[in-house]
Amino acid sequence: SAVISQKPSRDICQRGTSLTIQCQVDSQVTMMFWYRQQPGQSLTLIATANQGSEATYESGFVIDKFPISRPNLTFSTLTVSNMSPEDSSIYLCSVEDPRSYEQYFGPGTRLTVT
Amino acid sequence: LAKTTQPISMDSYEGQEVNITCSHNNIATNDYITWYQQFPSQGPRFIIQGYKTKVTNEVASLFIPADRKSSTLSLPRVSLSDTAVYYCLVGVGYSNYQLIWGAGTKLIIKP
């Protein structure tokens with residue numbers, strides 16, 4: 001199993017600013033995912049972040065808006081850039097166990113943009 | 001591209017068995033089917049995963065028919081603490097196929 005922490009747990013930001021969310025894993029993992037979850041909705045995959053390569057973004061998400069860093073096998077950041085109220089959501093990171101394909105999730109970052 | 005469909009909500013009573021079905025037409029050959037549980041203000045938590053037939057662990061069973069176009073999560077003898085949202089997921093990241101999440105089923109257990 002893997003234990004994942006995220007920082008910050010929540011934030012309130014002003015329109016036009018940027019926020020960087022950190023994801024720390026207690027073990028080395030190759031594949032990490034970033035998700036967005038609107039209240040009462042399912043998870044939407046933003047991008048897959050593998051160490052040593054560029055993140056792969058899903059349709060509707062672009063690097064300029066959601067730049068991702070993956071400097072090592074235990075850490076990643078997601079930046080939400082030039083925020084608007086539509087970016088208000090919960091952002092979750094997860095990792096996948098390559099043997100079981102089980103995903104382990106962080107507690108999420110609740111972002112409110114005013 | 002697989003699309004998943006599951007009931008929006010269900011309710012049941014303590015001690016009952018609950019079955020939640022997810023439809024996933026066009027599932028790919030390499031896709032696994034995984035179910036997650038999510039409580040408010042928490043990330044999803046793995047329940048069970050399968051490829052075909054039946055899988056059972058200490059908390060649930062997963063039934064997958066031969067055509068794999070659906071799967072049924074079975075929770076035996078539910079309790080109030082099983083009240084949560086349950087998601088089915090088709091695909092795994094390592095296969096490079098897309099991860100297709102269902103919309104989630106809100107399960108409410110009544111005393």
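That block above? That's the structure.
Residues numbered from 1 in each chain as written. Chains lettered and ligands numbered in written order. Predicted model: local features only at pLDDT ≥ 70, side-chain atom pairs only at ≥ 80, totals over all residues. Heavy atoms only, no water.

Peer 1: Explain the pairing of strand 4 (residues 33–38) of chain B to me, please; I cannot follow it from the model alone.
Peer 2: Two faces, one strand: in a regular strand the side chains alternate between the faces of the sheet. All names here are of chain B. For strand 4, the buried fraction is high: six of the six residues fall into the buried class. Of the two faces of strand 4, the one carrying I33, W35 and Q37 and the one carrying T34, Y36 and Q38 are both buried. Inspection of the sheet shows strand 4 paired to strand 5 (residues 45–50) by five bridges, in the antiparallel sense. Among the inter-strand pairings, Q37 is bridged to a residue of strand 5, identified as R45. (Buried < 20%, exposed > 50% of the residue type's maximum accessible area, 1.4 Å probe, protein only. Helix = DSSP H or I, 4+ residues; strand = E, 2+ residues; numbered from the N terminus. Pairing = 2+ DSSP bridges.)

Peer 1: Help me out: how do you make sense of the interface of chain B and chain A in this one?
Peer 2: A common way to state how big an interface is: give the accessible area lost once the parts meet. The partner chain A presents 22 residues to the 19 residues of chain B that form the contact. For the pair chain B and chain A, the number of links is zero salt bridges. Where chain B meets chain A, there are seven residue pairs in polar contact (both at pLDDT 80 or more). Elements with a contribution of two residues or more to the side of chain B that touches chain A: strand 4, strand 5 and strand 9 (84–90) of chain B. (Contact = heavy atoms within 4.5 Å. Salt bridge = Lys/Arg side-chain N within 4 Å of Asp/Glu carboxyl O. Polar contact = N/O pair within 3.5 Å; in protein donor to acceptor, adjacent residues only side chain to side chain.)

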